[in-house]
Amino acid sequence: MFTGLIETVGVIKNTSTNQGVKTLTIEATEIMDDLSLGDSVAVNGVCLTVTEKASSTFKVEVITGTISVTYLEHLKMNDKVNLERAMLANGRFGGHFVSGHVDGQGIIKHISKRQDEWIIEISTEAHLLNQMIDKGSITVDGVSLTIFKLYPQKFEIHLIPETRDRTIFVNKKQGDSVHIETDLLFKYVQKATGQNHSNLSEEKLLNLGF
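Bear in mind the structure is a predicted one, so any value in this text is a computation, not a measurement.

Trainee: Residues and numbers for the environment of Q105, please.
Mentor: Within the secondary structure layout, Q105 lies in strand β7 (residues 104-114). Exposure remark for Q105: the relative accessible area of 27% places this residue in the partly exposed category. Separated by 3.1 Å, the side chain of Q105 and the backbone oxygen of T70 make a polar contact.

What follows is the structure, encoded as structure tokens:
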């Protein structure tokens, strides 16, 4: 389980592919002290397992099933990635519940700046938009964010300078892909109540105790 609060930005130092499995070597000095083999790390929001560890780098493997729903296949040397280690049981909880199981991808359609915030519009598939509500939680490239506005074919997020500058969003541009994980609690409620986006609103979620 993750929180969507990025700990550090890592750098891809090497990539290799063998029998459909892609191995990423990631440099991330800031989180190496208590990182162990077998630990889970969210890489741009994708939960991966540490398979090797050195003094300042670690390796993770991306299997075919994960490649099919993410853009990790296209990562190359010197690319930067958002990193978050799995939450400790005694840790302080921030952000929202993030599983690290990406639901799909989106495309950045427009970026604009207004005063002290950046506004990013992201298009994605209808079935993902149907799991979103205005002011609900969303995970984009591993970052816990709020859906400020929901449109028929896209949604809008706002970034404060702190969030933008401490994540890979500082380098994102129009046309770039992003990983999307919709709110875990919303999906549970939707499944339990048998309701879809057309009749599951923020007000009904509040009435259900969420």
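Having seen the structure, we can now continue with the description.
Trainee: Can you break down the nonpolar core residue by residue, with the values?
Mentor: Ranked by size, the top nonpolar core spans 23 residues in total, and within it I26, F58 and L83 carry the most contacts. Among the secondary structure elements, those contributing two or more residues to this core are β2 (21-27), β3 (40-43), β4 (46-53), β5 (57-62) and β6 (80-85). Look past the residues within four positions of I26 in its chain and what remains in contact with it is G10, V11, I12, V43, S56, T57, F58, V60, V81 and L83. Residues I6, I138, F155 and I180 belong to the second largest nonpolar core, which totals 20 residues.

Trainee: Can you explain the sheet that holds β5? Please cite residues and give values.
Mentor: Strand order around the closed barrel formed by six strands is β1-β2-β5-β4-β3-β6, with antiparallel pairing between neighbours. On average, each strand axis in the sheet is tilted by 45° relative to the strand beside it, whichever way the strands run. Looking at chain direction, β2 and β5 are connected through six bridges and run antiparallel. The partner of E27 across the bridge, within β5, is T57.

Trainee: Can you break down the pattern of salt bridges residue by residue, with the values?
Mentor: Considering all chains together, one arrives at ten salt bridges under this definition. Among the ionic pairs, D141 bridges to K172, the shortest N-O distance being 3.1 Å. One end of the pair, D141, is in the loop between β9 (137-140) and β10 (143-146); the other, K172, is in the loop between α3 (161-165) and β13 (177-182), with 31 residues separating them in the sequence. Across this residue pair, the class does not change: D141 and K172 are buried. Residues R164 and D165 are paired through a salt bridge, measuring 3.7 Å at the closest nitrogen-oxygen approach. What you see here is one network of salt bridges that share partners, running through E7, D34 and R85.

Trainee: Go over the pairing of strand β8 (residues 117-124), please, and point to the residues and values.
Mentor: Taken across its eight residues, β8 has eight buried, putting it largely inside the fold. Burial of the side chains of β8 extends over both faces: E117, I119, E121 and S123 are buried on one face and W118, I120, I122 and T124 on the other. Relative to β8, β7 runs antiparallel, the two sharing eight bridges. Note that in β8 the partner of I108 across the bridge is I122. Where β7 hands over to β8, the hairpin turn is made up of two residues, of which Q115 adopts a positive phi near 55°.

Trainee: Any details on the packing of aromatic side chains? Residues and values, ideally.
Mentor: Both the distance between ring centres and the angle between the ring planes are used here to describe each pair of aromatic rings. One pass over the full model with this rule turns up zero aromatic pairs. The ring centre of W118 lies 4.9 Å from the NZ or CZ of K113, which sits over that ring. Cation over ring: K154 sits above Y151, and NZ or CZ is 5.1 Å from the ring centre.

Trainee: Which residues make up the sheet that holds strand β11 (residues 149-150), and what values do they have?
Mentor: Read across the sheet, seven strands follow the order β10-β9-β13-β7-β8-β12-β11 without closing on themselves; strand pairing throughout is antiparallel. Bordering the open sheet on either side are β10 and β11, each of which pairs with just one other strand. Pairing of β9 with β10, which is carried by four bridges, proceeds in the antiparallel orientation. Looking at β10, one finds that I138 is bridged to L145.

Trainee: Explain the side chain of S99 to me, and be specific about the residues and the numbers.
Mentor: Note on placement: S99 falls in the loop between β6 and β7. Within the structure, the side chain of S99 is placed 3.1 Å from the backbone nitrogen of H101, a separation counted as a polar contact. Setting aside residues no more than four positions away along its own chain, S99 makes contact with M1, F2, C47 and E181.

Trainee: Let's hear about the pairing of strand β1 (residues 8-18): which residues, and what values?
Mentor: The pairing of β1 with β6 spans four bridges and is classified as antiparallel. Bridging across to β6, G10 finds its partner in V81. Note: β1 against β2, seven bridges, orientation antiparallel. Within the sheet, the bridge partner assigned to N14 lies in β2 and is T25.

Scoring rules and cut-offs
- Residues numbered from 1 in each chain as written.
- Predicted model: local features only at pLDDT ≥ 70, side-chain atom pairs only at ≥ 80, totals over all residues.
- Heavy atoms only, no water.
- Helix = DSSP H or I, 4+ residues; strand = E, 2+ residues; numbered from the N terminus.
- Buried < 20%, exposed > 50% of the residue type's maximum accessible area, 1.4 Å probe, protein only.
- Polar contact = N/O pair within 3.5 Å; in protein donor to acceptor, adjacent residues only side chain to side chain.
- Core = buried A, V, L, I, M, F, W, Y, C linked by side-chain atoms within 4.5 Å.
- Contact = heavy atoms within 4.5 Å.
- Pairing = 2+ DSSP bridges.
- Axes fitted to C-alpha atoms, helices over the stretch in contact; angles between N-to-C directions.
- Salt bridge = Lys/Arg side-chain N within 4 Å of Asp/Glu carboxyl O.
- Phe/Tyr/Trp six-rings, centres within 6.5 Å; stacked < 30°, edge-to-face > 60°.
- Lys NZ or Arg CZ within 6 Å of the ring centre and 35° of its normal.

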